[in-house]
Amino acid sequence: FFHLLMAFKVRQREKIKRKLWPLKESITANKLISLLPFQLTQEQENSIQAIRKLHQTDVPMAVLLQGDVGSGKTVTALILALYYIDNNIQVCLVAPTEILARQHYHTIQTLLGYAPFIGVELFLGGEKTKVRKEKLARLKNGETLFVIGTHSLFQDDIAFSDLGLVIIDEQHKFGVDQRESLRAKGKNPDILAMTATPIPRSLCLTLYGDLNL
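The rules behind these values
Residues numbered from 1 in each chain as written. Predicted model: local features only at pLDDT ≥ 70, side-chain atom pairs only at ≥ 80, totals over all residues. Heavy atoms only, no water. 1 Å grid on protein atoms, 1.4 Å probe; cavity = no way out; pocket = protein on both sides within 12 Å on 5 of 7 lines; lining within 4 Å. Points joined across faces, edges and corners; volume = space filled by probe spheres on them. Helix = DSSP H or I, 4+ residues; strand = E, 2+ residues; numbered from the N terminus. Nonpolar A, V, L, I, M, F, W, Y, C, P; charged D, E, K, R; others polar. Axes fitted to C-alpha atoms, helices over the stretch in contact; angles between N-to-C directions. Parallel < 35°, antiparallel > 145°, perpendicular 65-115°, else oblique. Contact = heavy atoms within 4.5 Å.

Chemist: Whenever I open this one, the layout of surface pockets confuses me. Can you help?
Modeler: By rolling a water-sized probe across the atoms, one finds the places where empty space is left. Its boundaries defined by the atoms lining it, the second largest pocket holds a volume of some 370 Å³. Looking at the second largest pocket, it is lined by 19 residues, and the ones nearest its centre are Gly70, Lys73, Thr74, Gln103 and His104. When residues of the lining of the second largest pocket are traced back to their parent elements, those giving at least two are α4 (73–85), α5 (98–111) and β6 (190–195). The greatest single-element share of the lining of the second largest pocket, amounting to five residues, is contributed by α5. Residues belonging to the lining of the second largest pocket are distributed by class as follows: six nonpolar, 10 polar and three charged.

Printed below as a string of structure tokens:
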């Protein structure tokens, strides 16, 4: 077990220095917070500040954001994502089901209604070839800054211009190799895993591995 954890740490600490870090302030994130129809909870504000401290360095972070269903993990993750997007760094959010991916897409589109300049794209399985090719082109050339999808994001034809943040919802439903394949599409991007029901292995990693809670 000890050797497994040490191997995990070494693998996670294979770093590529990132020239854009620390990230600049996000005007879009601040505007979103001011326009929300509700006030962020103290826990949400604490989470945002804690994660921001971690992502302000050129060392990639790995964070587990835990909260009950309906506690506001999505809006918390969106606010954090805007710090990357405002610096022209791409963000992807992967969900385990098409229904959940669509839900995230519509929620984020609604919240960002005042910011149509942000390219947000939804990737699902079974899309028409022409539509998918157009989406892939926009993603590869950096026109799309925020991509949301399901397991389709693991496919080989998915290529980013500059992926800096990977958000994984219900991370316990994805395998290690799947998460790693997505992370490999960027240059050591930050990882933000979200869960309402952390499995023992997830909690173990927050104690002994490189996953901050």
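Chemist: Would you explain the packing of helix α2 (residues 27–35) against α4 in this entry?
Modeler: Contact pair α2 / α4: the axes reach a minimum separation of 7 Å and the direction vectors enclose 155°. If you check the angle between α2 and α4, you find them roughly antiparallel. Mapping the contact onto sequence places Thr28, Ala29, Asn30, Leu32 and Ile33 in α2 and Leu78, Ile79, Leu82 and Tyr83 in α4. Residues that form the contact of α2 with α4 fall into these classes: seven nonpolar, two polar and no charged.

Nothing here speaks to function; it is all geometry.
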